[in-house]
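Descriptive analysis of the structure
As a plain string of letters, each chain reads:
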Amino acid sequence: MPPPLPCPPSSLPPSPSLPRYVLGDSAMQQMAQSSVFLSGMGGLGVEIAKNIVLAGVKVLTLHDTKQCETWDLGSNFFLRQDDVLTQRNRALAVHPRVAELNPYVHVDTSSSSLDLSTDLCFLKRYQCVILTEARLSLQKKINDFCHFHQPPIRFIGCDAYGICVRVFCDFGDQFEVSDPTGEEAKEMFIQNITQGNPGVVTCMDSRTHGLQTGQSVLFREVNGMDTLNGTARQVTVLSPYSFSVGDTSCLQPYAHGGFFLLVKTPRTYSFAPLQIHAAMLALDAFQEQHNRLPNIGELVRCLSRTAQGSLPPLAAAVGGIASQEVLKALTGKFAPLQQWVGQPTAIHLTEVRRSDWLFGGDRYDGLRACIGETMCLELHKLRVFMVGCGAIGCEMLKNFALLGVGLAKSSGEVCVTDPDLIEKSNLNRQFLFRSQHIQKPKSTTAAVATLKINPEMQVDAHLNKVCPATEGVYNDLFYSRLHLVVTALDNVEARRYVDSRSVSNQKALLDSGTMGTKGHTEIIVPNLTESYNSHRDPPEEEIPFCTLKSFPAVIEHTIQWARDKFESAFAHKPTIYNMFWQTHSSAEAVLQRMQQRETLEGAFQVVKLLSRRPSQWEHCIILARLKFDKYFKRKITCCHDIVLSSHLCPCSAGLFWQSPKRPPSPIEFDLKDSLQPEGTIDTLLTPDCVCVCVCTTERLRMSPRVFEKDDDLNGHMDFVASASSLRARMYSIEVADRLKTKRIAGKIIPAIATATAAVAGLVSLELVKVVGGYGFESFNNCFFNLAIPVMVLTEAAPVKRTQIREDISFSIWDRWTVWGHQHFSLSDFINAVLVNYGIEPTMVVHGVKMLYVPVMPGHNKRLKLTMQKLIKPSVDRRYVDLTVSFAPESDGDEDLPGPPVRYYFSPDGDAHTA
């Protein structure tokens, strides 16, 4: 069995930080003290190993008794051809590649026999045991041992048999979860609290509270009904904006102000040992779904045909789910799975011909067992364009490699582009990258790593951003060669642009994203579904300038204020300074022009910076000290005195300082103050910042600094954290720790490898359906939250058609075409649309330019002008997409929109060149 556990140092170095934003410091510390035993190094086992090592446990033991086979190369991304040729033990083969994912995790191996006769006492050293590829009888024996051990050893059994999967969890009779949901408690300001039984709390500005009946809230800073402060009350939800909190009839009347916070209530879960056979569970699930028992051989045939096979995306998805359960078992963070999950995927095996089950003796035999030879060949020929090569991008490339997408011998290709370089913070979930890759391009590095998984692939790596500026590269000819597009992006605007290009070129698009333990997938198929741009999320709420400047109410306001101060001092002002000297040759010339009373843009700021330039280190200290008084004393004293002298607000005759406004209190400089030496003064004295603020060279240049949150030595986060904390203290706002400040200031999207693996697996399953030409009803969009845990599959949104006339309609996928020539006029264009499509346009627009609007003065004269003269295309431009509108059928109605009309400037225009 496994060798004795090593004795690592008492305090291990911190693992990469992004999982901390999801799990928190306490859970990360618990993981760093935990040991895990994982048996079975097939496709599912290696997925779990990858995810929990990236998360950061103390010790992971990899166990397997099998030797590497060619079959394994199609499911295990850490095995290589040499491992098969030398018939290495699977655990030993993957060990070095798993271990290098996280140097702070000790990874060891075992190849000893594990069966019904094995003495299980060796498991006492572990906090969690995971079994894959184990028989049910062995799982039951080990589960019983773990369940009745004191303290209980957390047990997880999971498997993927072809297209069927199952996960089972048993964390003991009494398993306490400190935070079932993981949702951050936000301060909600109070509009009113009634006196009564029950008392009703109303949120300010009709903000939704997001509470559920039975939860508890903590009250703070309530005026009038003061006895509520510091107490927790159970709520009964009345509406999205109000709730009751029990009897308040005996309390003093509510006056003003106050806020409430959701109280995190621990919950205890009870688990039973493994008792029910998986087949019974499958029968039960089938009966629930279809209201009948399966036909003879129906369920068994599905399972037996594929049981020996492997579907890599399914292993990735289940591996993500199971890995998150491991982290829950070790930390008590998030609600655990109770206790089973298991179902077949939506791949319709009935469509696969019997001849397609023949095996070829290569790495794809496991895949053939699930989807057939014909589908495999289609995947090999696939030409995919993936935009983004971060966490999801790495997982997608891994799935492409295992599925055999884009093989060179089949004229397939995967083109991936990403302009970013690898940063240290990427290493915790972008598993294709290692520490030696830091500051190297993501796309090219990932391409090399992908070819190690599957050398047969053709991967073309670019360093471009996909945007209007690169349409010369990613033009219509480029898109015409593709089969589909995949986005692995982290922002909405980029998604919207790629979606518009995919719709314009009639290409399927697979989109996905994660935030912490949450994930989503969206499948966009030409002529079947709506597109990403068909729906709009509400815009992010921006903080008003006056709130940032004078009336911060929550910690987010003070952090943004500090971030703005950093940008002003270390980026904006130095940039203005440099731009000034780019247009002015010397100080003498500037002085001469100023003496002539010329107005020079930026001169005031430049003179101010030069007049305060320190000549020695002591001057830097003086400047920093003056800056402290400016930020935290002088301005606040003025504001405080003026407003308090007029107690009532002039506009409303009410109290000026009432919730959410907080009266500020000036801060005196004190080196003994724990917030001050750590930050503002000390930070302004760091070499990095001083050279930015005050130093100039003989060439009159400054060095603007780009905010970099991940370098703990540059002083950037020190400045923001301290400035934010001091301002929070001034306004009696609870100070945030450095981790939260870094997340908000750096606009970090919380991320964890478990969710990334799951979402990439799910979207890759949809890729198989797209390639197979499946019908609309087969496609699924998905939303999941591994913390709760919940997974919701929904049908893709069907494409909508807009009716222009009774016999004329269009969808987002439709495009009309008009072929012109050098002398083709606007009138000719309008007539061409009428002749070809049966309706006459009443308005023609190119981008933001209105080419023809009849009610506009002079526009009727444009009808005789050529399209060439109106649009003025560049020399190499072959066509433009125009927006047209049509008159409504009834007077008084608005004009009706039409589909885009692609106008070619010549009859022989290249259909593939923008």
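Residues numbered from 1 in each chain as written. Predicted model: local features only at pLDDT ≥ 70, side-chain atom pairs only at ≥ 80, totals over all residues. Heavy atoms only, no water.

1. Some details on the pattern of salt bridges
- Counting across every chain of the model gives 39 salt bridges.
- Where D718 meets R738, a salt bridge forms, and the shortest distance between an N and an O atom there is 3.0 Å. In this pair, D718 sits in helix α23 (residues 716-730) while R738 sits in helix α24 (residues 738-745), placing the two residues 20 residues apart along the sequence.
- D718 sits in the partly exposed class, given a relative accessible area of 22%.
- Counted as one network, the salt bridges with shared partners bring together D64, K66, D72, R90 and E133. (Salt bridge = Lys/Arg side-chain N within 4 Å of Asp/Glu carboxyl O. Helix = DSSP H or I, 4+ residues; strand = E, 2+ residues; numbered from the N terminus. Buried < 20%, exposed > 50% of the residue type's maximum accessible area, 1.4 Å probe, protein only.)

2. Here's the deal with the sheet that holds strand β17 (residues 383-387)
- Reading across the sheet, the eight strands line up as β19-β18-β17-β20-β21-β22-β23-β24 and stay open at both edges, with mixed pairing between neighbours. Sheet topology places β19 (459-462) and β24 (790-795) at the edges, where each strand pairs with a single neighbour. Each strand axis lies, on average, 15 degrees off the axis of its neighbour in the sheet, ignoring direction.
- Sheet analysis places strand β18 (residues 413-417) next to β19, joined by four bridges and oriented parallel. Paired with C415 across the two strands is D460, which belongs to β19. (Pairing = 2+ DSSP bridges. Axes fitted to C-alpha atoms, helices over the stretch in contact; angles between N-to-C directions.)

3. Concerning the pairing of strand β4 (residues 128-131)
- Side chains of β4 alternate between two faces, with C128 and I130 and V129 and L131 buried alike.
- In terms of strand pairing, strand β1 (residues 35-39) meets β4 through four bridges, oriented parallel. Bridging from a neighbouring strand, V36 pairs with C128 of β4.
- Where β4 and strand β5 (residues 154-161) come together, four bridges link them in parallel fashion. In the sheet register, V129 faces β5, and the bridge partner there is F155.
- Once you follow β4 into helix α6 (residues 136-148) and on to β5, the crossover reads as right-handed. (Right-handed = clockwise from strand over helix to strand, strands pointing away.)

4. Here's the deal with the sheet that holds strand β11 (residues 232-234)
- Taken together, the seven strands give an open sheet; going across it, the order is β11-β10-β14-β8-β9-β13-β12, and neighbouring strands pair in antiparallel fashion. What marks the edges here is a single partner per strand, and that holds for β11 and β12 (236-239). The average undirected angle you get between the axes of adjacent strands in this sheet is 40 degrees.
- Bridge count between strand β8 (residues 188-193) and strand β14 (residues 259-263): two bridges; the pairing is antiparallel. The residue of β14 that forms the bridge with F189 is F259.

5. Structural notes on a negative patch on the surface
- On the surface, a cluster of negative charge is contributed by D891, D893, E894 and D895.
- Locating E894 in the fold gives a position in the loop between β30 (879-886) and β31 (896-897).
- E894 gets classed as exposed once you look at its relative accessible area, which sits at 68%. (Patch = residues over 30% accessible without salt bridge, like charges linked within 9 Å, V, L, I, M, F, W, Y side chains within 5 Å. Areas by Shrake-Rupley, 256 points an atom, 1.4 Å probe, with all protein chains shown as cover. Lys, Arg positive; Asp, Glu negative; His and termini not counted. Charge placed at Lys NZ, Arg CZ, Asp CG, Glu CD.)

6. Remarks on the packing of helix α12 (residues 391-403) against helix α13 (residues 442-453)
- The contact between α12 and α13 brings their axes to 9 Å, and the two run at 30 degrees. It follows from the interaxial angle that α12 and α13 lie roughly parallel. Along this stretch, α12 crosses α13, giving a crossing that reads as right-handed. Contacts between α12 and α13 pair L397, K398, A401 and L402 from the former with A446, T450 and I453 from the latter.
- Of the residues that constitute the contact of α12 with α13, the class distribution is five nonpolar, one polar and one charged. (Parallel < 35°, antiparallel > 145°, perpendicular 65-115°, else oblique. Left-handed = near helix turned anticlockwise from the far one by under 90°. Contact = heavy atoms within 4.5 Å. Nonpolar A, V, L, I, M, F, W, Y, C, P; charged D, E, K, R; others polar.)

7. Looking at the pairing of β5
- Counting buried positions along β5 gives six out of eight residues, so the element sits mostly inside the fold.
- As consecutive antiparallel partners, β5 and strand β6 (residues 164-170) are separated by two residues, and within that stretch G162 has a phi angle of approximately 60 degrees, a positive value.

All quantities given are derived from atomic positions and should not be read as evidence of function.
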